[in-house]
Amino acid sequence: MICLLAAQLHQLDQRSMMHGISTIELMGNAAKGIYEVMRDKHLMKRVMIICGAGNNGGDGLALAALYHESFEQVRVLYVAKQAPISEAARYYYKLCENQNLLIHGGADVVRHLQQDYDVIIDGLFGIGLSRDVDEPYASVIEAVNRSPQTILAIDLPSGINSDDGKVKGSAVKADLTVTFVASKPGHWLYPGYLYSKEVLVKEIGIPRSWIEAVCPALHVIDEADLKKLLPIRHSHSHKGSYGKLLGIGGSQEMTGAILMAGEAAIRSGCGMCTLAVPEHMQPSVPLYLPEFMSIGLPQEGMTISKAAAQYLQPRLAAYDVIFCGCGGGRSDSYTDLVRIVLDSKMACVIDGDGIYALQYLREELLMRDQIVVTPHVKEMTYLIDQSIDEIIEDPLHAADCFCERYPNAVLVLKSERPLIAYKQERYLCAWGNHALAKGGSGDVLCGLIASFIGQGLDPFHAAILGCGIHAYTAHLIIQDCNARSVLPHEISAYLKYSFTSLETG
Ligand SMILES: NC(=O)C1=CN([C@@H]2O[C@H](COP(=O)(O)OP(=O)(O)OC[C@H]3O[C@@H](n4cnc5c(N)ncnc54)[C@H](O)[C@@H]3O)[C@@H](O)[C@H]2O)[C@H](O)CC1
Ligand SMILES: [K+]
């Protein structure tokens, strides 16, 4: 699903006008779209529509006029100092005025919200919100949020910034948002996504070909994307057809990470998976899964030694994809292992401790393509010169910085909504839930991405599919068991159900 910026939508509006599609028509179609949703959701009840002076309010006024044709029980609470700004909104304002539907909000505006209504429709601000919300709007928003009625937001919950999801002072908490043309980044980014439980997109008469010609600011991964990307399995195939993977990781303190990554790789369809681990760990590898092959890396005491990189380097060429990080530990010897992986030019996924090592290998990373790097926010600070707070505040900007700096690398910025970035393209995964908020989930993700590269996807699409399947599986698994109790390796075990759901659904 694509997301467009406010400026891109305004350009589409302009183009429509130049081709004789008037704003009055678009607004009327927007109203019809909301009306259809209300009918489908059984919300044709006593309705209060709150309208501001912009075109978002205009959509609300058009809805009131339309609704009034069939139902008596609609009122417009018009909260603005002046009459509507645009000619189109003024047109619908007049219709409502003629039908006596308008209540003008003065100092006692909030009082009107305490009347008996079943549904409140929020048409205060949409994509035109340009500054923090102040009075009287802030009080109206607070009163709406206190009210027990169903709240439907037109285009965006008022107070949410369309392009980045930030709350501008205060914002409506909607049960449902009906948006037009395409969804907006603000529907999906934090904290904007917390302000609407459901988002539905309606067409309003702008030709599809024009919309498809716009380069989206963001894609939200949907089921159709996953179905399209799932590697095809042929009956005339063998283990070599689906990728030979090498995972490099594990340490005395973190034995499980590389095993969980490897399990995710095998259970998502890779052909063969070998794990290179410190010698002392090697016996435990086939005990975890007999399908694994293993390499014991030279060690000194209980950690890998300086000789490990030299030992492994000539063996790398036997594989198609390498994944590293996953409990590898933080040592010069492990940095050397990551260095030989970067130097090999082979397709790779770098996670966890591998990313820690990348802070000493930024120059090598600059030169690389065929690489996916999967930092969480703290690890992202090893790769770009931004603080944790700056990255959390504006993850899209952080992704832009990464892509400018490492122009051929794929980024997976991990959070409850992972962001996948490569060159100009940005994808967000919105299925995840707190079942994934557990040590080990990242290792499973790393194994999935490596597996999909092994099965023939390019690193960018493997990252999209890996993040998508990971979160989609977490979304399915909590329908069977409580999210608190889900273990990361159980996500791998559940893949058989999520793949079937995608293949047959
Ligand atoms: N192509 C489409 O998607 C269409 C969408 N439509 C709807 O139009 C709005 C956008 O309308 P616009 O007039 O540009 O902006 P808004 O109504 O969101 O608000 C602008 C209005 O409010 C003032 N303002 C901005 N911030 C504040 C603030 N913090 N406090 C007070 N006032 C503020 C600003 O100065 C303007 O006066 C879109 O969301 C859809 O709902 C159209 O129907 C047509 C096509
Ligand atoms: K709104």
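An unreviewed UniProt entry annotates the protein chain as Bifunctional NAD(P)H-hydrate repair enzyme originating from Copranaerobaculum intestinale. Looking at the Subunit (unreviewed entry) heading of the UniProt record, one finds this comment for the protein chain: "Homotetramer."

## Some thoughts on the side chain of Gln-455
With respect to the helices and strands, Gln-455 occurs in the loop between α18 (441-454) and α19 (459-477). A distance of 2.9 Å separates a polar side-chain atom of Gln-455 from the backbone oxygen of Ser-268. Here Ser-451 takes part through its side chain, which lies 2.8 Å from a polar atom of the side chain of Gln-455. Each residue touching Gln-455, except ones within four places of it in the same chain, is listed here: Pro-231, Arg-233, Tyr-242, Ser-268, Gly-269 and Cys-270.

## Digging into the packing of aromatic side chains
Within this structure, the stated rule accounts for 13 aromatic pairs. Relative to Tyr-93, the ring of Tyr-78 lies with its centre 5.1 Å away and its plane at 65°, an arrangement referred to as edge-to-face. Placement of Tyr-78 in strand β3 (residues 74-78) and of Tyr-93 in helix α4 (residues 87-98) is noted, with a sequence separation of 15 residues between them. In this pair, the class of Tyr-78 matches that of Tyr-93, namely buried. Ring centres 5.7 Å apart and planes at 75° place the aromatic pair Tyr-427 and Phe-460 in the edge-to-face group.

## Overview of unusual backbone geometry
Here the amide bond leading from Glu-135 into Pro-136 is cis, since omega sits at 5°, within 30 degrees of zero. By the secondary structure assignment, Pro-136 is in the loop between β5 (119-123) and α5 (137-146). Residue Pro-191 is bonded to the preceding Tyr-190 through a cis peptide linkage, with omega at 0°. With respect to the element layout, Pro-191 can be found in the loop between α6 (185-188) and β8 (199-202). At Cys-326, a position not held by glycine, the phi torsion is positive, near 30°. In this structure, Gln-370 is a non-glycine residue whose phi angle is positive, near 55°.

Cut-offs used in this document
Residues numbered from 1 in each chain as written. Chains lettered and ligands numbered in written order. Predicted model: local features only at pLDDT ≥ 70, side-chain atom pairs only at ≥ 80, totals over all residues. Heavy atoms only, no water. UniProt positions renumbered as here; feature names shortened; annotations may be inferred. Helix = DSSP H or I, 4+ residues; strand = E, 2+ residues; numbered from the N terminus. Polar contact = N/O pair within 3.5 Å; in protein donor to acceptor, adjacent residues only side chain to side chain. Contact = heavy atoms within 4.5 Å. Phe/Tyr/Trp six-rings, centres within 6.5 Å; stacked < 30°, edge-to-face > 60°. Buried < 20%, exposed > 50% of the residue type's maximum accessible area, 1.4 Å probe, protein only.

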